[in-house]
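Single-letter residue listing:
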Amino acid sequence: DAGITQSPRHKVTETGTPVTLRCHQTENHRYMYWYRQDPGHGLRLIHYSYGVKDTDKGEVSDGYSVSRSKTEDFLLTLESATSSQTSVYFCAISEDTSGIGDSTDTQYFGPGTRLTVL
Amino acid sequence: ILNVEQSPQSLHVQEGDSTNFTCSFPSSNFYALHWYRWETAKSPEALFVMTLNGDEKKKGRISATLNTKEGYSYLYIKGSQPEDSATYLCAFYLTGANSKLTFGKGITLSVRP
């Protein structure tokens with residue numbers, strides 16, 4: 001298995017509180033992603049990173065921010081959690097084997113974090 | 001936002017049956033198609049990455065084909081086993097700046113012993 005861990009694995013919080021989820025990799029892969037998975041939806045991209053301090057928005061980025069200060073860590077922050085952010089969050093990583101982007105590179109997923117916002 | 005459609009949404013088969021799923025995606029500006037297998041309580045795992053029209057890939061009893069001109073991919077499982085029970089996701093990648101992998105909702109396969 002690719003060396004990807006997520007913490008915490010489960011979290012229950014209240015509306016309006018800040019929450020930070022951490023993704024840590026030991027593969028030295030260039031790309032890192034945050035997805036959310038909800039019933040009736042596929043995996044939806046929240047934010048991604050293509051290098052240290054290089055991040056960009058995905059499909060459902062509103063209400064989320066990210067940071068990547070080291071190759072191995074990618075943090076997802078909910079500044080003020082809302083009930084609509086109750087979800088399972090997956091981190092993923094991929095190499096950039098071609099050097100021109102990650103489109104044909106397999107993504108490896110972490111174990112997921114189940115977040116409940118009451 | 002361009003979407004990927006997967007059908008059927010769910011499938012229940014008997015052990016030993018062969019199954020196939022369809023993934024439909026935009027054919028314009030196509031670049032790559034990914035298939036992932038996602039078992040309950042686990043993380044998605046990659047099966048195939050396909051880029052060329054007519055491409056066929058195989059891993060054990062699972063194989064996939066790709067038609068980029070008409071925008072579809074088939075995933076076949078020969079002689080389904082209970083351990084094949086999972087959700088199968090496809091995801092496409094288009095050319096162009098800021099293009100990212102877009103996932104379908106998945107097809108849930110249940111194989112009865």
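Residues numbered from 1 in each chain as written. Chains lettered and ligands numbered in written order. Predicted model: local features only at pLDDT ≥ 70, side-chain atom pairs only at ≥ 80, totals over all residues. Heavy atoms only, no water.

### Observations concerning the overall build of chain B
Piece 1. Check the secondary structure of chain B and you find zero helices and 11 strands.
Piece 2. What you see in chain B, going N to C, is helices and strands ordered as β-β-β-β-β-β-β-β-β-β-β.
Piece 3. Taken over the C-alpha trace, chain B has a radius of gyration of 14 Å; the compact-globule value for 113 residues is 13 Å, and the two agree within 12%.
Piece 4. On the principal axes, the C-alpha backbone points of chain B span a range of 45 × 30 × 20 Å.
Piece 5. Across the 113 residues in chain B, those meeting the buried criterion constitute 50%. (Helix = DSSP H or I, 4+ residues; strand = E, 2+ residues; numbered from the N terminus. Rg over C-alpha atoms; globule rule 2.2 N^0.38 Å. Buried < 20%, exposed > 50% of the residue type's maximum accessible area, 1.4 Å probe, protein only.)

### Remarks on the sheet that holds strand β8 (residues 72–77) of chain B
Strands in a sheet are paired, the pairing made by backbone hydrogen bonds, and the direction either parallel or antiparallel.
Residues and elements named next belong to chain B.
Piece 1. Within the open sheet, the five strands sit side by side as β1-β3-β8-β7-β6. Their pairing is antiparallel. The strands lining the two open edges of the sheet, one partner per strand, are β1 (5–7) and β6 (56–59). In this sheet, adjacent strand axes meet at a mean angle of 15° when their direction is disregarded.
Piece 2. Two elements, strand β7 (residues 62–67) and β8, share six bridges in a ladder whose sense is antiparallel. What sits directly across from threonine 65, in β8, is tyrosine 74. (Pairing = 2+ DSSP bridges. Axes fitted to C-alpha atoms, helices over the stretch in contact; angles between N-to-C directions.)

### Some points on the pattern of salt bridges
Piece 1. Here the structure, examined in full by the defined rule, presents seven salt bridges over all chains.
Piece 2. Linked by salt bridges that have partners in common, A:Arg22, A:Lys70 and A:Asp73 make up one network. (Salt bridge = Lys/Arg side-chain N within 4 Å of Asp/Glu carboxyl O.)

### With respect to the state of the cysteines
A covalent bond between the sulfur atoms of two cysteines is what we call a disulfide.
Residues and elements named next belong to chain A.
Piece 1. All told, the structure shown has two disulfides over all chains when counted by the stated rule.
Piece 2. With a sulfur-sulfur separation of 1.9 Å, cysteine 23 is cross-linked through a disulfide to cysteine 91. Judged by the sign of its S-S torsion, about -70°, the cystine formed by cysteine 23 and cysteine 91 is left-handed. Of this pair, cysteine 23 sits in strand β3 (residues 19–25) while cysteine 91 is found in strand β9 (residues 87–94), placing the two residues 68 residues apart along the sequence. (Disulfide = S-S within 2.5 Å.)

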